[in-house]
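# Summary of structural features
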Amino acid sequence: MRAWRTPPCLTSLRHSDLQKRQNSASANTNYFIKEALKELEYPQKLQRLLLTPQREVLVELVITKDNGEIETFNAYRVQHDDSRGPYKGGLRYHPKVDLDDVRSLASLMTWKTAVMDIPFGGAKGGISVDPKLLSERELEKLTRKLVQAIKDTIGPQVDIPAPDVGSNASVMAWFFDEYSKFSGFSPGVVTGKPVHLHGSYGREAATGRGTVFATREMLKATGAGSITDKKFVIQGFGNVGSWAAEIFEEHGGKVIAVSDAFGAVYNENGLDIKALRRHIADGDLLSAFSEGEAIDKDTILSIPCDVLVPAAIEGVINADTAGQVDAKYVVEAANGPTTPEGDKILRERGIVVLPDIYTNGGGVTVSFFEWVQNLQNFRWEEEEVNKRLDLKMTEAFAQIWEISRQKKLPLRTAAFVKALQSVTRAHLHRGFD
Ligand SMILES: NC(=O)C1=CN([C@@H]2O[C@H](COP(=O)(O)OP(=O)(O)OC[C@H]3O[C@@H](n4cnc5c(N)ncnc54)[C@H](O)[C@@H]3O)[C@@H](O)[C@H]2O)C=CC1
Ligand SMILES: O=C(O)CCC(=O)C(=O)O
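Residues numbered from 1 in each chain as written. Chains lettered and ligands numbered in written order. Predicted model: local features only at pLDDT ≥ 70, side-chain atom pairs only at ≥ 80, totals over all residues.

### Regarding the overall build of the chain
For the chain, the count of helices and strands is 14 helices and 13 strands. Taken over the C-alpha trace, the chain has a radius of gyration of 21 Å; the compact-globule value for 433 residues is 22 Å, and the two agree within 12%. The dimensions of the chain, computed from C-alpha atoms along their principal axes, are 55 × 55 × 50 Å. Residues classed as buried in the chain amount to 51% of the 433 residues present. By sequence separation, contacts in the chain at least 24 residues apart represent 69% of the contacts at least 6 residues apart. (Helix = DSSP H or I, 4+ residues; strand = E, 2+ residues; numbered from the N terminus. Rg over C-alpha atoms; globule rule 2.2 N^0.38 Å. Buried ≥ 20, exposed ≤ 12 C-beta atoms within 10 Å, placed from the backbone. Contact = placed C-beta atoms within 7 Å.)

What follows is the structure, encoded as structure tokens:
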């Protein structure tokens, strides 16, 4: 295992690397943080502390595949800040994951946990792997290898992973099991576990449900009314997108188009989301859903609607695409879906953006509830979980909205201001020696 503290690892960057970093995910995230820092006038040294991660771990994982061949994968865990509590954040299994992505996502977690006012810091991890190309057995081996490699840098009071793109409750179950072999029974080492294995009711749907509560608050505050009869377009139909779609529909919204990595489907009267989810669960393609029209997935951002919900990957709303968005609101259920250039264009066009560090905070909030239940060896009913989630989303929105109004700031900058103030306060109170 190789581990280091930043920034020494950056000293060997070549010029081409530096050019790449200028448009990198972490540069984009830092751009948004710096926008908010302008409002706060903190000293430079403090700014550096807030912008850079506390630890970055890179490990190589080797597994024997089912066919007897060996294969090597790069894996990362970036721990950005733990001033407010143990590091917290998901594990992404995706072929395009690299250290810079994980660095950006770890930083977003620090601000998200602060915005949601839950007692965690921020971290993120990932493996550069296409999970669809591995068998279940190979995925399990890879996850167990990851635990063996990083077990000394995580723990229920240190750093608590969770699911993200490409990982799920089964991955969390293997993670918990492997970690417990070294440290004894430790359900609190990961969240997002299966409900029957110390998981929490409501965690699977939490990010989507939180997105709906967040949208409800935003529509109310901006005078646009309720979710009922509003038209929604959702990019990404995985955990977050499909749950958000179902819950928007339950609240009377019309989800008129959704896309995934393979295609898109449209129905101007609203798709039957429960039927669509069954269709996908049966292994069928979105585009083959008979109660909708198959459309080009690359047109999804430009479909006229009230609320556009990016719920897939980073950087999709950018200098090239932001001008095509035909929505009144963009609700960022994904992490980092909008680049600084895209954000500027949306702002100039008067499109309200509800930022990721608040919108998708429902996932980590219910992860916190799961962790609390694990520490207490106790289970809350789903109704209790959802009620507490609603309260957290509502309270956080009210605070962001207030900062936004008082300081005349976009909601994203207001959310970062709230988070930066909270993290800085924790650092200053704890001290540095
Ligand atoms: N799962 C969770 O609890 C949380 C997830 N998030 C964020 O939400 C986003 C989605 O995560 P999950 O739903 O968990 O992942 P997932 O792996 O369950 O689903 C991702 C979806 O995006 C689709 N997709 C991928 N590339 C696409 C493209 N180019 N165009 C359209 N669709 C595309 C996939 O086909 C899939 O439907 C990510 O940004 C993740 O970091 C944020 C907070 C918590
Ligand atoms: O549930 C968690 O701990 C983290 C979820 C996550 O990775 C995220 O909010 O981006």
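### A few points about the packing of helix α7 (residues 203-221) against helix α8 (residues 239-250)
Look at α7 against α8: their axes get within 7 Å of each other, and the N-to-C directions meet at 55 degrees. The angle between α7 and α8 falls in the class oblique. In this structure, α7 crosses over α8, and the sense of that crossing is right-handed. Residues E204, A205, T207, G208, R209, T211 and V212 of α7 lie in contact with α8, whose contacting residues are N239, V240, W243, A244, I247 and F248. (Axes fitted to C-alpha atoms, helices over the stretch in contact; angles between N-to-C directions. Parallel < 35°, antiparallel > 145°, perpendicular 65-115°, else oblique. Left-handed = near helix turned anticlockwise from the far one by under 90°.)

### Examining the site of ligand 1
Neighbouring ligand 1 are 24 residues, the closest being G238, D260, A261, A334 and G363. It is α8 that provides the largest number of residues to the shell around ligand 1, a total of three residues. When grouped by side-chain class, the residues that make up the shell around ligand 1 number ten nonpolar, eleven polar and three charged. Two domains each donate at least three residues to the shell around ligand 1, and these are domain 1 (1-6 + 54-189) and domain 2 (204-359). (Near = placed C-beta within 6 Å. Nonpolar A, V, L, I, M, F, W, Y, C, P; charged D, E, K, R; others polar. Domains from an automatic or database assignment.)

### Quick notes on the site of ligand 2
In the vicinity of ligand 2 lie 13 residues, with G90, A162, D164, V364 and S367 positioned nearest. If you list the elements that add at least two residues to the shell around ligand 2, you get β4 (87-94) and α12 (361-376). Classifying every residue of the shell around ligand 2 by side-chain character gives two nonpolar, eight polar and three charged.

### Things to note about the domain arrangement of the chain
Domain annotation of the chain identifies domain 1 (1-6 + 54-189) and domain 2 (204-359). On a C-alpha basis, the centroid separation for the pair domain 1 and domain 2 is 27 Å. Contacts between the two partners involve seven residues from domain 1, matched on the other side by six residues from domain 2. Here the residues of the side of domain 1 that touches domain 2 sort into five nonpolar, one polar and one charged.

### Let's talk about the UniProt feature "binding site: NAD(+)" (unreviewed entry) in the chain
Residues given the UniProt feature "binding site: NAD(+)" (unreviewed entry) here are T207 and N239. Considering the C-alpha atoms alone, the annotated residues occupy 33 residues of sequence yet fold into one spot, their largest mutual distance being 8.1 Å. Note that T207 resides in helix α7. Overall, T207 belongs to the buried group, with 28 C-beta atoms counted inside 10 Å. Contacts of T207, omitting those with residues within four sequence positions, involve N239, V240, A333, N360, G362 and G363. If you trace the backbone, N239 turns up in helix α8. For N239, the contacting residues outside a window of four places in its chain are E204 and T207. (UniProt positions renumbered as here; feature names shortened; annotations may be inferred.)

### Points about the UniProt feature "binding site: substrate" (unreviewed entry) in the chain
Sites flagged by UniProt as "binding site: substrate" (unreviewed entry) map to K88, K112 and S367. Of the residues just listed, which span 280 residues, no C-alpha pair is farther apart than 12.7 Å, and they cluster in one region. Relative to the elements of secondary structure, K88 occurs in strand β4. With residues up to four places along the chain from it excluded, the contact list for K88 reads M109, T113, F120, G121, G122, A123, I160, V364 and S367. Within the secondary structure layout, K112 lies in helix α4 (residues 99-115). Overall, the presence of 29 C-beta atoms within 10 Å leaves K112 in the buried class. Leaving out residues up to four positions away in the same chain, K112 has contacts with I357, G361 and V364.

### Quick notes on the environment of E249
Secondary-structure assignment places E249 in helix α8. The exposure class of E249 is buried, given the 20 C-beta atoms found within 10 Å. Sequence separation between E249 and K230 is 19 residues, and the spatial gap between their C-alpha atoms is 9.9 Å. Setting aside residues up to four positions removed in sequence, E249 forms contacts with V255 and I273.

### Some details on the sheet that holds strand β9 (residues 264-266)
Here seven strands make up an open sheet; going across it, the order is β10-β9-β8-β7-β11-β12-β13 and the pairing mixed. Strands at the two margins of the open sheet, each flanked by one partner only, are β10 (293-295) and β13 (352-354). Across the sheet, the mean angle from the axis of one strand to that of its neighbour is 25 degrees, orientation sign disregarded. Bridge count between strand β8 (residues 254-259) and β9: three bridges; the pairing is antiparallel. When the bridges of β9 are listed, A257 appears paired with Y266. Here α8 sits on the sheet in contact with β7 (231-235), β8 and β11 (305-310), set at roughly 165 degrees to β8. (Pairing = 2+ DSSP bridges.)

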